[in-house]
Amino acid sequence: MKTTLTPVSSAVGALLFGMALSAHAQTAPARPAEAQKLETVVVTGIRASLEQSINQKKRSDALVEVITAEDIGKMPDKNVADSLQRVPGVTISSAGAGEGGFDENDRVSLRGTNPSLTQTMINGHMIGSGDWFVLNQVGTVGRSVSYSLLPSELVSKVVVRKSSQADLVEGGVAGTVDIITRKPLEFTKALTLEASLGAVYSDLPKKTDPQLSALVNWRDASKTFGVMAQFFSQERHLRRDGIETLGYSKIAPGSAIALSNPDLSGVAYPNAIGSALFEQERKRTGGLITVQFKPTHELSFDLTGFKSEMEASNYNRNYLVWTSRILNGGAGQAPDAGYVVRNGTLVQASFTPVAGRQYVIVDQILRPDARSETGFLNLQGEWKSGDLTISGKAGSSTGKGDTPTQAVFEGDVLNTGASYRLNGIGNAPDSALRAGNAAVFTGTTLDWIFGASPASTKDKEDWAQLDGEYQLDGGVVSSIKFGARSAKHSRDSRFVAQGPKWSADPFNAANLPAWNGQTYPSDFGGGLGGNFIKNPWQIDPAVLKAWGDKFSNRDPLQRQYFPGEFEMDEKTTAAYAMANLTGSGWSGNAGLRLVETKVNVLTNVAIAGSVCAPLAPCAVPGAITTSAFGSFYRKNVENTHKDVLPSVNLKVDLAKDVIGRFAITKTLARPDYSALGGAVSLDDTNLTGNGGNPNLKPIRATNLDAAFEYYFAPRSLVSLGLFHIDLNNYVSYGVSQASYFNEQQKAFRTYNISSPVNSKGKVQGFELGYQQNFGGGFGALANYTYADGEEKGGKQLVGNSKNTYNVAAYFENDWLNARVAYTYRSAFFNGLDRASAQNQAAVGTVSASFGVKINDSMSLSLDLLNLNRPVLKYYADNVDQPTAFYVNGRQAYLTLRAKL
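Anyway, here's the lowdown on the structure attached to this text. (Residues numbered from 1 in each chain as written. Predicted model: local features only at pLDDT ≥ 70, side-chain atom pairs only at ≥ 80, totals over all residues. Heavy atoms only, no water.)

## Re the overall build of the chain
Across its full length, the chain holds 9 helices and 45 strands. A total of 900 residues make up the chain; the buried ones form 57% of that total. Sequence-distant contacts, at least 24 apart, represent 74% of the contacts inside the chain between residues at least 6 apart. Carbon and sulfur atoms make up 56% of the accessible area of the chain, which totals about 34200 Å². (Helix = DSSP H or I, 4+ residues; strand = E, 2+ residues; numbered from the N terminus. Buried < 20%, exposed > 50% of the residue type's maximum accessible area, 1.4 Å probe, protein only. Contact = heavy atoms within 4.5 Å. Areas by Shrake-Rupley, 256 points an atom, 1.4 Å probe, with all protein chains shown as cover.)

What follows is the structure, encoded as structure tokens:
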């Protein structure tokens, strides 16, 4: 990974070097140990970890939650995001865009907001994010971090900060998740060797794959120098069975069908109902290396580098009853008698076969080289001189996502007729052919072919930060903290579509890909309910790749797909001052953070109704010509935003064993990248258009928090937390005005653009927590979060589940531990998919873990995930408009751990 430090970074490095020389010249007295600020769990077992958690929570000033690495190991989770769902106020989801739901959770959000409003950091700095799915690379591109690249083996602890304070990096409206890695000098022994060897079995693909990780840590006897290296290599196969309904359209009033069947006028119908089989092999490899140097008690440095790569080859098939082609908005074939309309939706219909009419579209999409990666390099140091402590950090992080090639076969199936029935969200929709056999590769004509479609995205941030703290003797103010930070963040996407190849060769029936008799697995769709098409034919992936290479990848037509591209840079500077406060029976902090954000967005603007030179002259300077997608020019939009972010956190001893916590803070998050930089298309006649909005302001929020904790018995706790988040400049969808060049009038004009716009919203609710040790090694934990959120005008907030809860029971003695957990999340609005609303229905999951201590150096664990085989269900405007049903099966991880 290549890293170039900014001038500010170089200055920080020079300052740290100068402090090192000064520290060798004199040794200043050590300052008093600071009070513990975080609710940290020190783990030597389940019961010990929970006891430490309660003790640290009782002493904590901040509204935080912490999970340590051993906690993650003992929970039934193999992913940091999965573990975080056990924390009150945290919700997780398994997808970042339109790829659908999977078995491994990938995004984290707090208190009923969407993942883009939660900031994820590593060791207090940002991390560039990469995604393997093409729509995450070039479509709806958010700011949430993909946790699929972050194995839990690397984690020392995860700090969930629910209330902000002035010394924290801004960027999360609802809160911040900070993943802390281990440091070499923290280990008790001079040489530590840890390794795990395991296997994961996934019952749907019926595959077993290896899981390897290792840690080597060395430090000298004086604890002044240490090196730690961690490595991981983890593979697993995924199979997802699904029934997808690709959005909804309406029968147009006045159309032929509406005139012949007036009760169908304006009625919604599914665009297509498909039997979708997705298979993927994920290979996650990488490591982390940290070098720590503490030449004196007053001075320390550490340099950390991290890299994680995931190969994510995947093959997606879908056999779809193409309802939108059949009905054609009211201009196509009317349904037979006996159709059913419910809740404004055509939920049941049958279509008699008509010669020459298409009823089915078949997609076979292979992306053999899909991949993602993330990494960082960070240098930080700390110097103490008497009551003054100076610390600094500088570094760079890059995330990438790539889809270098894909082979796609789309075939038309004619003359079959079709029928369907929507079953709400109770069972998957029914689908059937009236004639023909879905399991046989006959009656198929090639509809579309395209091969290599290179797509890539790059996400990068460079940072430099300097902080100071001065201890004061006596009085209400115990210390003063101050500091400054500078960062540059860039994001760009590239999309070059190759093909289609419209020559006669691939459309010749003799040149269609060879079918070797393969169909979907015999157990496809088990657990989804419904009576759908279960045995469609499929092309062998090796055959599809070879066919695509032959007929589409050789196509010379190279096209820049500008609607899928954007570029942007953000430069942020911040400074803060904060006072740590203490008194008799209370403590806290108060501070102010000043932030300036300079945003430069490079917007792609399509030139309406014209193709520029060499085919025709263009009046727009710098216009670019593309033969397949018309013409466009690039427009730079620059904006500067300034924010003042005050914060107050307070902890009060209300009575014996009863603690109250209160906080009022202002926070901000920045709009999603694609909301700022989406390509703009214009209608010069009506002065309208659609696209991104580079003039969006940061999302700003005022947060109110109150928490009450009662420690009613040893190792036991009941807690209540109240929160209110007032969202200003929340990003919604509407109409904005912007100036663009009008090719017809040869001048700039003001257009009304359908685009993301700033709106308002709020989230309010409460969190309940319970923890108790019953004795004899038994115990239980439970929490519940209620989050009631809405956008101005009563619209739904993206990601808002009103109800989430977790229940867990455990047993542990000296050689055996076991835990069973259930997690529930209620329905929530997931955004738009193909211009239709998408909501995810409520879902609950059961997981379990069992561990045996073989001796002091070795242990064996069995982690069981998704034991209840949860079905992920999605719907559009109401439950009578289902959009997807997915089942991913169960996973079992057997792991042998050794430590020397």
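## Brief notes about the environment of Thr192
By secondary structure assignment, the location of Thr192 is in strand β7 (residues 191-202). Each C-alpha atom of the pair Thr192 and Met228 lies 9.1 Å from the other, and the pair is 36 residues apart in sequence. When sequence neighbours within four positions are dropped, the list of residues in contact with Thr192 reads Phe187, Leu215, Val216, Asn217, Lys899 and Leu900.

## Let's talk about the pattern of salt bridges
In this structure the tally under the stated criterion is 40 salt bridges. Residues Arg236 and Glu104 are paired through a salt bridge, measuring 3.3 Å at the closest nitrogen-oxygen approach. Here Arg236, found in strand β9 (residues 225-245), pairs with Glu104, found in the loop between β2 (90-93) and β3 (107-110); they are 132 residues apart in sequence, far enough to count as distant. There is no split in this pair, since Arg236 and Glu104 are both buried. In this structure, the salt-bridge partner of Asp430 is Arg421, at a minimum N-O distance of 2.9 Å. When salt bridges with common partners are traced through the structure, they connect Glu65, Arg111, Lys162, Asp705 and Glu767 into a single cluster. (Salt bridge = Lys/Arg side-chain N within 4 Å of Asp/Glu carboxyl O.)

## What to know about the sheet that holds strand β4 (residues 118-122)
Spatially, the 4 strands line up as an open sheet ordered β1-β5-β6-β4, and their pairing is mixed. The outermost strands of the open sheet, each flanked by one partner alone, are β1 (64-68) and β4. Direction aside, neighbouring strands of the sheet carry axes that sit 15° apart on average. As defined by bridge partners, β4 adjoins strand β6 (residues 175-181) across 5 bridges and the pair is classed as parallel. Opposite Thr120, over in β6, you have Val177 as the bridge partner. (Pairing = 2+ DSSP bridges. Axes fitted to C-alpha atoms, helices over the stretch in contact; angles between N-to-C directions.)

## Focus: a nonpolar patch on the surface
On the surface, a cluster of nonpolar side chains totalling about 610 Å² of accessible area is made up of Leu191, Leu193, Val216, Trp218, Phe225, Phe293 and Leu900. For the nonpolar patch, the secondary-structure elements that each account for two or more residues are β7 and β8 (207-219). (Patch = residues over 30% accessible without salt bridge, like charges linked within 9 Å, V, L, I, M, F, W, Y side chains within 5 Å.)

## Here we look at the pairing of β8
Of the pairings in the sheet, the one linking β7 to β8 comprises 12 bridges and is antiparallel in character. The partner of Val200 across the bridge, within β8, is Asp209. Taken together, β7 and the strand that follows it, β8, pair antiparallel across an intervening segment of 4 residues, in which Lys206 is found at a positive phi of about 55°. Note that β8 and β9 share 9 bridges and pair antiparallel. In the strand pairing of β9, Ala214 is matched with Phe231. Taking the residues that link successive antiparallel strands as the turn, the β8-β9 hairpin has 5 residues, and the phi of Lys223 there is positive, at about 55°.

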